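One letter stands for each residue in the lines below.
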Amino acid sequence: MPLILRVDATRWREHLRRYVAAHPQVVPVVKGNGYGLGRRRLAAEVATLGLPTLAVGSYEELGDVGDAFAGDLLVLTPWRPSAGGSAPVVDDPRVIHTVSRLEDMRDLAGSGARVVLEVLTSVHRHGIAPDRLGEAVGHLDGVSFEGWALHLPLAGDRHGEAQRLVRALPDAGRTATPVWASHLDAAGAARLAETTATPVRLRVGTALWLGDRGALQVKASVLDVHRLRRGEPYGYRQRRSRTASTLLVVSGGTAHGVGLEAPSAAGTARQRALALSRGGLAASGRTLSPFTVGGRRAWFAEPPHMQCSLLRLPASVEPPAVGDEVDVEVRFTTTLFDRIDLTGPDGERS
Ligand SMILES: *Cc1c(COP(=O)(O)O)cnc(C)c1O
(Lines give C-alpha, C1' and ligand atoms only; values in the text may rest on other atoms or scores of the structure.)
Protein backbone atom coordinates (compact mmCIF):
# COMPACT_ATOMS: atom_id res chain seq x y z
CA MET A 1 0.00 0.00 0.00
CA PRO A 2 1.61 3.07 -1.34
CA LEU A 3 2.31 6.69 -0.55
CA ILE A 4 -0.46 8.48 -2.40
CA LEU A 5 -0.97 12.00 -3.61
CA ARG A 6 -4.66 12.65 -4.10
CA VAL A 7 -5.45 15.68 -6.22
CA ASP A 8 -8.92 17.21 -6.20
CA ALA A 9 -8.72 17.74 -9.95
CA THR A 10 -11.58 20.21 -10.23
CA ARG A 11 -10.26 22.41 -7.44
CA TRP A 12 -6.64 22.18 -8.60
CA ARG A 13 -7.48 23.07 -12.21
CA GLU A 14 -9.72 25.88 -11.03
CA HIS A 15 -6.72 27.34 -9.19
CA LEU A 16 -4.54 26.94 -12.31
CA ARG A 17 -7.13 28.70 -14.47
CA ARG A 18 -7.55 31.53 -11.95
CA TYR A 19 -3.78 31.96 -11.64
CA VAL A 20 -3.34 32.18 -15.40
CA ALA A 21 -6.26 34.61 -15.72
CA ALA A 22 -4.60 36.87 -13.13
CA HIS A 23 -1.11 36.42 -14.65
CA PRO A 24 -1.61 36.08 -18.41
CA GLN A 25 2.14 36.40 -19.02
CA VAL A 26 3.01 33.41 -16.85
CA VAL A 27 5.65 30.97 -18.05
CA PRO A 28 5.04 27.81 -16.01
CA VAL A 29 8.18 26.13 -14.70
CA VAL A 30 8.16 22.34 -15.17
CA LYS A 31 11.31 20.87 -13.68
CA GLY A 32 12.76 18.35 -11.26
CA ASN A 33 10.14 15.94 -10.00
CA GLY A 34 7.44 18.17 -11.48
CA TYR A 35 6.78 19.68 -8.04
CA GLY A 36 5.74 16.20 -6.88
CA LEU A 37 3.14 15.90 -9.64
CA GLY A 38 5.41 14.77 -12.47
CA ARG A 39 6.83 16.78 -15.36
CA ARG A 40 4.74 15.11 -18.09
CA ARG A 41 1.50 15.74 -16.25
CA LEU A 42 2.36 19.41 -15.72
CA ALA A 43 3.42 19.84 -19.34
CA ALA A 44 0.05 18.44 -20.46
CA GLU A 45 -1.72 20.91 -18.14
CA VAL A 46 0.21 23.82 -19.67
CA ALA A 47 -1.02 22.68 -23.09
CA THR A 48 -4.60 22.61 -21.80
CA LEU A 49 -4.21 26.08 -20.31
CA GLY A 50 -3.37 27.34 -23.80
CA LEU A 51 -0.07 28.99 -22.85
CA PRO A 52 2.57 29.45 -25.54
CA THR A 53 5.72 28.74 -23.51
CA LEU A 54 6.93 26.72 -20.54
CA ALA A 55 10.30 26.57 -18.81
CA VAL A 56 12.25 23.40 -18.04
CA GLY A 57 15.11 23.33 -15.57
CA SER A 58 17.69 21.55 -17.69
CA TYR A 59 18.42 20.22 -21.18
CA GLU A 60 17.90 16.70 -19.88
CA GLU A 61 14.26 17.57 -19.15
CA LEU A 62 13.42 18.70 -22.69
CA GLY A 63 12.53 15.22 -23.97
CA ASP A 64 9.53 14.14 -21.93
CA VAL A 65 8.21 17.67 -21.48
CA GLY A 66 8.54 18.41 -25.19
CA ASP A 67 6.50 15.30 -26.03
CA ALA A 68 3.57 16.41 -23.87
CA PHE A 69 3.61 20.10 -24.87
CA ALA A 70 3.91 21.45 -28.39
CA GLY A 71 4.86 25.07 -27.62
CA ASP A 72 8.14 26.84 -26.92
CA LEU A 73 10.55 25.52 -24.29
CA LEU A 74 12.76 27.88 -22.29
CA VAL A 75 15.73 26.15 -20.62
CA LEU A 76 16.54 27.79 -17.27
CA THR A 77 20.01 26.24 -16.88
CA PRO A 78 22.42 28.32 -18.93
CA TRP A 79 23.74 26.99 -22.22
CA ARG A 80 27.36 25.80 -22.09
CA PRO A 81 29.42 24.64 -25.06
CA SER A 82 29.97 21.18 -23.63
CA ALA A 83 27.42 20.60 -20.91
CA GLY A 84 27.84 16.97 -19.93
CA GLY A 85 30.26 16.24 -22.76
CA SER A 86 28.16 17.22 -25.76
CA ALA A 87 26.95 20.61 -26.87
CA PRO A 88 23.20 20.90 -26.42
CA VAL A 89 21.33 21.28 -29.71
CA VAL A 90 21.09 24.90 -30.70
CA ASP A 91 18.97 24.57 -33.81
CA ASP A 92 15.71 23.20 -32.37
CA PRO A 93 13.27 26.01 -33.23
CA ARG A 94 11.17 25.34 -30.11
CA VAL A 95 14.05 25.71 -27.65
CA ILE A 96 15.00 29.06 -26.12
CA HIS A 97 18.48 29.02 -24.58
CA THR A 98 19.57 31.00 -21.55
CA VAL A 99 23.04 32.49 -22.04
CA SER A 100 24.89 33.69 -18.96
CA ARG A 101 28.51 34.25 -20.08
CA LEU A 102 30.07 36.48 -22.72
CA GLU A 103 32.16 33.65 -24.17
CA ASP A 104 29.04 31.53 -24.67
CA MET A 105 27.37 34.42 -26.48
CA ARG A 106 30.41 34.64 -28.78
CA ASP A 107 30.16 30.88 -29.45
CA LEU A 108 26.48 31.12 -30.32
CA ALA A 109 26.74 34.19 -32.56
CA GLY A 110 25.62 33.26 -36.05
CA SER A 111 24.07 29.95 -34.98
CA GLY A 112 20.48 31.05 -35.44
CA ALA A 113 19.70 29.91 -31.87
CA ARG A 114 16.92 31.55 -29.90
CA VAL A 115 18.49 33.10 -26.80
CA VAL A 116 17.70 35.11 -23.70
CA LEU A 117 20.57 36.85 -21.95
CA GLU A 118 20.67 36.30 -18.22
CA VAL A 119 21.55 39.34 -16.13
CA LEU A 120 23.52 38.77 -12.94
CA THR A 121 21.29 39.68 -9.99
CA SER A 122 22.00 39.77 -6.27
CA VAL A 123 21.29 36.01 -6.19
CA HIS A 124 24.65 35.58 -7.97
CA ARG A 125 23.76 32.22 -9.43
CA HIS A 126 24.31 32.80 -13.15
CA GLY A 127 24.39 35.85 -15.36
CA ILE A 128 26.37 38.51 -17.14
CA ALA A 129 27.31 41.48 -14.96
CA PRO A 130 25.12 44.48 -15.80
CA ASP A 131 28.12 46.56 -16.93
CA ARG A 132 29.13 43.90 -19.52
CA LEU A 133 25.70 43.53 -21.13
CA GLY A 134 26.59 46.08 -23.82
CA GLU A 135 29.36 43.73 -24.99
CA ALA A 136 26.96 40.79 -25.04
CA VAL A 137 24.55 42.77 -27.19
CA GLY A 138 27.39 43.14 -29.71
CA HIS A 139 27.24 39.39 -30.34
CA LEU A 140 23.55 39.13 -31.13
CA ASP A 141 24.07 39.00 -34.90
CA GLY A 142 22.77 35.76 -36.30
CA VAL A 143 20.83 34.72 -33.23
CA SER A 144 17.21 35.29 -32.40
CA PHE A 145 17.27 37.54 -29.33
CA GLU A 146 14.20 36.81 -27.19
CA GLY A 147 14.84 38.96 -24.14
CA TRP A 148 16.53 39.29 -20.77
CA ALA A 149 16.34 36.88 -17.86
CA LEU A 150 16.26 38.05 -14.25
CA HIS A 151 16.44 35.56 -11.38
CA LEU A 152 15.60 37.54 -8.27
CA PRO A 153 16.05 36.62 -4.62
CA LEU A 154 13.09 35.71 -2.41
CA ALA A 155 14.16 38.17 0.31
CA GLY A 156 15.05 41.83 0.23
CA ASP A 157 13.89 44.57 -2.12
CA ARG A 158 13.66 42.46 -5.26
CA HIS A 159 11.15 44.75 -6.91
CA GLY A 160 13.48 47.71 -6.49
CA GLU A 161 16.36 45.62 -7.82
CA ALA A 162 14.33 44.60 -10.87
CA GLN A 163 13.46 48.24 -11.57
CA ARG A 164 17.11 49.30 -11.35
CA LEU A 165 18.37 46.45 -13.54
CA VAL A 166 15.75 46.88 -16.24
CA ARG A 167 16.28 50.65 -16.43
CA ALA A 168 20.01 50.07 -16.95
CA LEU A 169 19.63 47.48 -19.75
CA PRO A 170 21.45 48.40 -22.96
CA ASP A 171 19.54 49.02 -26.15
CA ALA A 172 19.47 45.72 -28.00
CA GLY A 173 18.16 47.33 -31.16
CA ARG A 174 14.71 45.95 -30.58
CA THR A 175 11.64 47.64 -29.25
CA ALA A 176 9.83 46.05 -26.34
CA THR A 177 12.34 43.30 -25.63
CA PRO A 178 10.71 41.19 -22.94
CA VAL A 179 12.13 40.52 -19.49
CA TRP A 180 11.72 36.94 -18.21
CA ALA A 181 11.61 37.38 -14.46
CA SER A 182 11.47 34.95 -11.55
CA HIS A 183 10.09 35.67 -8.09
CA LEU A 184 8.29 38.94 -8.74
CA ASP A 185 4.75 39.21 -7.43
CA ALA A 186 1.91 40.15 -9.78
CA ALA A 187 1.71 43.78 -8.63
CA GLY A 188 5.49 44.21 -8.86
CA ALA A 189 5.55 42.68 -12.33
CA ALA A 190 2.74 44.95 -13.50
CA ARG A 191 4.51 48.00 -12.08
CA LEU A 192 7.78 46.98 -13.74
CA ALA A 193 6.06 46.50 -17.09
CA GLU A 194 4.30 49.83 -16.83
CA THR A 195 7.13 52.02 -15.54
CA THR A 196 9.76 50.62 -17.91
CA ALA A 197 7.48 49.97 -20.90
CA THR A 198 8.84 46.40 -21.02
CA PRO A 199 6.81 43.24 -21.44
CA VAL A 200 7.35 41.04 -18.36
CA ARG A 201 7.01 37.26 -18.48
CA LEU A 202 6.77 35.68 -15.05
CA ARG A 203 8.46 32.30 -14.59
CA VAL A 204 6.50 30.56 -11.86
CA GLY A 205 6.47 27.06 -10.41
CA THR A 206 5.48 26.78 -6.75
CA ALA A 207 2.75 29.43 -6.66
CA LEU A 208 1.12 27.93 -9.72
CA TRP A 209 1.35 24.17 -9.17
CA LEU A 210 1.24 24.14 -5.36
CA GLY A 211 -0.60 27.40 -4.81
CA ASP A 212 -3.77 25.77 -3.51
CA ARG A 213 -2.54 23.19 -0.99
CA GLY A 214 -6.13 22.37 -0.08
CA ALA A 215 -6.46 20.63 -3.45
CA LEU A 216 -3.60 18.25 -2.57
CA GLN A 217 -3.80 15.48 0.00
CA VAL A 218 -0.93 13.19 0.89
CA LYS A 219 -1.81 9.86 2.47
CA ALA A 220 0.24 6.97 3.79
CA SER A 221 -1.22 3.59 4.68
CA VAL A 222 -0.91 1.74 7.94
CA LEU A 223 0.82 -1.50 6.96
CA ASP A 224 1.13 -3.16 10.38
CA VAL A 225 0.46 -2.56 14.05
CA HIS A 226 2.44 -4.31 16.83
CA ARG A 227 2.12 -4.06 20.59
CA LEU A 228 5.49 -3.76 22.36
CA ARG A 229 5.99 -4.86 25.94
CA ARG A 230 8.08 -2.76 28.27
CA GLY A 231 11.78 -3.49 27.55
CA GLU A 232 11.09 -5.33 24.32
CA PRO A 233 13.61 -4.67 21.51
CA TYR A 234 12.40 -3.50 18.09
CA GLY A 235 13.65 -2.26 14.75
CA TYR A 236 16.93 -2.58 12.85
CA ARG A 237 18.71 -1.01 15.76
CA GLN A 238 17.14 -3.16 18.42
CA ARG A 239 16.28 -0.26 20.62
CA ARG A 240 14.16 -1.09 23.62
CA SER A 241 10.86 0.41 24.51
CA ARG A 242 11.10 1.78 28.05
CA THR A 243 7.36 1.60 28.42
CA ALA A 244 4.67 -0.48 26.80
CA SER A 245 3.87 1.13 23.46
CA THR A 246 2.59 0.51 19.95
CA LEU A 247 4.80 0.16 16.90
CA LEU A 248 3.15 1.38 13.73
CA VAL A 249 4.51 0.48 10.30
CA VAL A 250 3.39 3.02 7.66
CA SER A 251 4.16 3.41 3.97
CA GLY A 252 6.65 6.15 3.07
CA GLY A 253 10.41 5.89 3.48
CA THR A 254 13.67 7.32 2.24
CA ALA A 255 12.94 6.20 -1.34
CA HIS A 256 9.93 8.54 -1.30
CA GLY A 257 11.97 11.33 0.26
CA VAL A 258 10.32 10.87 3.66
CA GLY A 259 12.53 11.89 6.55
CA LEU A 260 14.88 13.77 4.25
CA GLU A 261 14.73 17.46 4.74
CA ALA A 262 16.25 19.93 2.33
CA PRO A 263 18.74 21.97 4.35
CA SER A 264 16.96 25.10 5.43
CA ALA A 265 18.72 28.29 6.27
CA ALA A 266 18.16 28.91 9.95
CA GLY A 267 17.70 32.64 9.61
CA THR A 268 15.89 33.80 12.70
CA ALA A 269 16.68 33.14 16.34
CA ARG A 270 13.48 31.13 16.58
CA GLN A 271 14.49 28.94 13.63
CA ARG A 272 17.91 28.35 15.18
CA ALA A 273 16.32 27.43 18.50
CA LEU A 274 14.02 25.03 16.69
CA ALA A 275 16.94 23.42 14.83
CA LEU A 276 18.81 23.05 18.12
CA SER A 277 15.87 21.41 19.83
CA ARG A 278 15.42 19.08 16.85
CA GLY A 279 19.08 18.15 17.06
CA GLY A 280 18.60 17.54 20.76
CA LEU A 281 15.68 15.26 20.10
CA ALA A 282 17.66 13.38 17.48
CA ALA A 283 20.53 13.00 19.95
CA SER A 284 18.18 11.55 22.53
CA GLY A 285 16.94 9.10 19.92
CA ARG A 286 13.60 10.80 19.42
CA THR A 287 12.62 12.54 16.22
CA LEU A 288 9.21 13.86 15.36
CA SER A 289 7.95 12.25 12.14
CA PRO A 290 5.92 13.96 9.40
CA PHE A 291 3.05 11.47 9.97
CA THR A 292 -0.07 12.55 11.86
CA VAL A 293 -1.77 9.81 13.88
CA GLY A 294 -4.85 10.46 15.98
CA GLY A 295 -4.56 14.19 15.42
CA ARG A 296 -0.93 14.44 16.59
CA ARG A 297 2.51 14.14 15.03
CA ALA A 298 3.90 10.68 15.77
CA TRP A 299 7.51 9.99 16.79
CA PHE A 300 9.81 7.98 14.58
CA ALA A 301 10.72 4.72 16.32
CA GLU A 302 13.97 4.77 14.32
CA PRO A 303 15.23 6.37 11.11
CA PRO A 304 12.92 5.67 8.14
CA HIS A 305 13.50 2.52 6.11
CA MET A 306 13.61 2.63 2.34
CA GLN A 307 9.88 2.26 1.66
CA CYS A 308 8.23 2.37 5.06
CA SER A 309 8.66 4.05 8.42
CA LEU A 310 8.36 2.73 11.97
CA LEU A 311 6.49 5.00 14.37
CA ARG A 312 5.99 4.54 18.09
CA LEU A 313 2.78 5.52 19.84
CA PRO A 314 2.27 5.69 23.60
CA ALA A 315 0.14 2.82 24.87
CA SER A 316 -2.51 5.36 25.83
CA VAL A 317 -3.15 6.27 22.18
CA GLU A 318 -5.66 4.11 20.34
CA PRO A 319 -3.74 2.90 17.26
CA PRO A 320 -5.29 2.98 13.78
CA ALA A 321 -6.07 -0.29 12.01
CA VAL A 322 -4.09 -1.94 9.25
CA GLY A 323 -5.31 -0.42 5.98
CA ASP A 324 -6.22 2.94 7.52
CA GLU A 325 -4.77 6.05 5.94
CA VAL A 326 -2.80 8.68 7.83
CA ASP A 327 -1.78 12.20 6.78
CA VAL A 328 1.84 12.95 5.97
CA GLU A 329 3.45 16.32 5.57
CA VAL A 330 5.87 16.31 2.66
CA ARG A 331 8.03 18.73 0.80
CA PHE A 332 6.60 18.29 -2.69
CA THR A 333 9.80 19.08 -4.58
CA THR A 334 11.65 16.20 -2.87
CA THR A 335 8.88 13.60 -2.75
CA LEU A 336 8.36 10.67 -5.09
CA PHE A 337 4.81 9.39 -4.74
CA ASP A 338 3.93 5.78 -5.59
CA ARG A 339 0.63 6.89 -6.97
CA ILE A 340 -0.99 10.16 -7.97
CA ASP A 341 -4.78 10.02 -8.17
CA LEU A 342 -6.68 12.84 -9.79
CA THR A 343 -10.15 12.60 -8.30
CA GLY A 344 -13.49 14.11 -9.29
CA PRO A 345 -15.47 14.19 -12.55
CA ASP A 346 -12.66 16.15 -14.18
CA GLY A 347 -10.08 13.53 -13.00
CA GLU A 348 -7.62 11.66 -15.20
CA ARG A 349 -7.70 13.05 -18.67
CA SER A 350 -4.08 13.41 -19.57
C1 LIG B 1 13.02 26.93 -10.25
C2 LIG B 1 13.08 28.29 -10.86
C3 LIG B 1 11.91 29.07 -10.92
C4 LIG B 1 10.60 28.65 -10.31
O5 LIG B 1 10.68 28.86 -8.94
P6 LIG B 1 9.40 28.76 -7.98
O7 LIG B 1 9.90 29.31 -6.70
O8 LIG B 1 9.05 27.31 -7.90
O9 LIG B 1 8.32 29.56 -8.59
C10 LIG B 1 11.99 30.31 -11.54
N11 LIG B 1 13.15 30.74 -12.10
C12 LIG B 1 14.29 30.01 -12.06
C13 LIG B 1 15.51 30.55 -12.70
C14 LIG B 1 14.30 28.77 -11.43
O15 LIG B 1 15.42 28.05 -11.39
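Residues numbered from 1 in each chain as written. Predicted model: local features only at pLDDT ≥ 70, side-chain atom pairs only at ≥ 80, totals over all residues. Heavy atoms only, no water.

Participant: Is there a simple way to explain the domain arrangement of the protein in this structure?
Facilitator: Often, the extent of an interface is quoted as the loss of accessible area on bringing the components together. As assigned here, the protein comprises domain 1 (9-209) and domain 2 (214-342). Measuring from the centre of the C-alpha atoms in domain 1 to the corresponding centre in domain 2 gives 38 Å. Opposite the 10 residues of domain 1 that make contact, domain 2 presents 10 residues. Both sides of the domain 1 and domain 2 interface together cover about 870 Å² of buried area, and 64% of this is carbon and sulfur. (Domains from an automatic or database assignment. Contact = heavy atoms within 4.5 Å. Buried area = accessible area lost by both parts, 1.4 Å probe.)

Participant: Hey, could you run me through the site of the ligand in this one?
Facilitator: In the vicinity of the ligand, the residues found are Val-29, Lys-31, Tyr-35, Leu-76, Arg-125, His-151, Ser-182, His-183, Arg-203, Val-204, Gly-205 and Thr-206. Between the ligand and Lys-31, the relevant distance is 2.8 Å, taken from an oxygen atom to a side-chain nitrogen or oxygen of the residue. For the ligand, an oxygen atom lies 2.7 Å from a polar atom in the side chain of Tyr-35. Isolated, the ligand exposes 390 Å² of accessible area, and the fraction of that covered by the protein chains is 86%. Of the residues assigned to the shell around the ligand, the class counts are four nonpolar, five polar and three charged. (Near = heavy atom within 4 Å. Polar contact = N/O pair within 3.5 Å; in protein donor to acceptor, adjacent residues only side chain to side chain. Areas by Shrake-Rupley, 256 points an atom, 1.4 Å probe, with all protein chains shown as cover. Nonpolar A, V, L, I, M, F, W, Y, C, P; charged D, E, K, R; others polar.)

Participant: When you look at the packing of aromatic side chains in this model, what are you seeing that I'm missing?
Facilitator: Any two aromatic rings considered together are summarised by their centre-to-centre distance and by the angle between their planes. Applying the stated criterion across every chain, the model contains four aromatic pairs. Ring geometry for Phe-145 against Trp-148: centres 5.1 Å apart, planes inclined by 80°, an arrangement best described as edge-to-face. Residue Phe-145 shares its accessibility class with Trp-148, and that shared class is buried. Between Phe-291 and Phe-300, the ring centres sit 6.5 Å apart and the planes meet at 85°, which makes this aromatic pair edge-to-face. We note that Phe-291, like Phe-300, is buried. Positioned above the aromatic ring of Trp-180, the side-chain terminus of Arg-201 is 4.9 Å from the ring centre. (Phe/Tyr/Trp six-rings, centres within 6.5 Å; stacked < 30°, edge-to-face > 60°. Buried < 20%, exposed > 50% of the residue type's maximum accessible area, 1.4 Å probe, protein only. Lys NZ or Arg CZ within 6 Å of the ring centre and 35° of its normal.)

Participant: What exactly am I supposed to notice about the sheet that holds strand S9 (residues 200-204) here?
Facilitator: As a general point, the strands of a sheet are linked pairwise by backbone hydrogen bonds and lie either parallel or antiparallel. Taken together, the eight strands give a closed barrel; going around it, the order is S2-S3-S4-S5-S6-S7-S8-S9, and neighbouring strands pair in parallel fashion. Direction aside, the axes of adjacent strands within the sheet are offset by 30° on average. One ladder, built from four bridges, connects strand S3 (residues 53-56) with strand S4 (residues 72-75); its direction is parallel. Across the sheet, residue Leu-54 finds its bridge partner in S4, namely Leu-73. Against the sheet, helix H2 (residues 39-49) contacts strand S2 (26-30) and S3, and its axis sits at roughly 165° relative to S2. (Pairing = 2+ DSSP bridges. Helix = DSSP H or I, 4+ residues; strand = E, 2+ residues; numbered from the N terminus. Axes fitted to C-alpha atoms, helices over the stretch in contact; angles between N-to-C directions.)

Participant: Explain the nonpolar core to me, please; I cannot follow it from the model alone.
Facilitator: Generally speaking, a soluble globular protein has its nonpolar side chains buried in company with each other. One finds Trp-148 and Trp-209 to be the most contacted residues of the largest nonpolar core, which totals 91 residues. Top element by residues in this core is helix H1 (residues 9-22). It accounts for five residues. Here this core gathers at least three residues from each of two domains, domain 1 (9-209) and domain 2 (214-342). Those residues within four positions of Trp-209 in sequence are excluded, and the remaining contacts are Trp-12, Leu-16, Pro-28, Val-29, Val-30, Tyr-35, Leu-37, Leu-42, Glu-45, Val-46, Val-204 and Leu-216. If you look at the next biggest cluster of nonpolar residues, it comprises seven residues, including Tyr-234, Leu-247, Val-249 and Ala-301. (Core = buried A, V, L, I, M, F, W, Y, C linked by side-chain atoms within 4.5 Å.)

Participant: In this structure, what is going on with H1? I would like to understand it.
Facilitator: Turn by turn, an α-helix covers 3.6 residues, leaving residues three or four places apart pointing in a common direction. Here H1 contains 14 residues, and its C-alpha end-to-end distance of 20 Å stays within 8% of the 20 Å for a straight helix at 1.5 Å per residue. Taken residue by residue, H1 has Ala-9, Trp-12, Arg-13, His-15, Leu-16, Tyr-19 and Val-20 as its buried positions. Considered in projection along H1, the buried side chains sweep an arc of 150° and stay on one side of the axis. Away from its buried face by more than 90 degrees, H1 exposes Ala-21 and Ala-22. (Expected span 1.5 Å × (residues − 1). Arc of directions from axis to C-beta.)

Participant: I'm lost on helix H6 (residues 158-167) in this one. Help?
Facilitator: Among the 10 residues of H6, eight are classified as buried, and the element is accordingly described as predominantly covered. Within H6 the residues assigned to the buried category are Arg-158, His-159, Gly-160, Glu-161, Ala-162, Gln-163, Leu-165 and Val-166. The secondary structure elements touched by the buried residues of H6 are strand S6 (114-119), strand S7 (144-151), strand S8 (179-182) and helix H7 (186-196).

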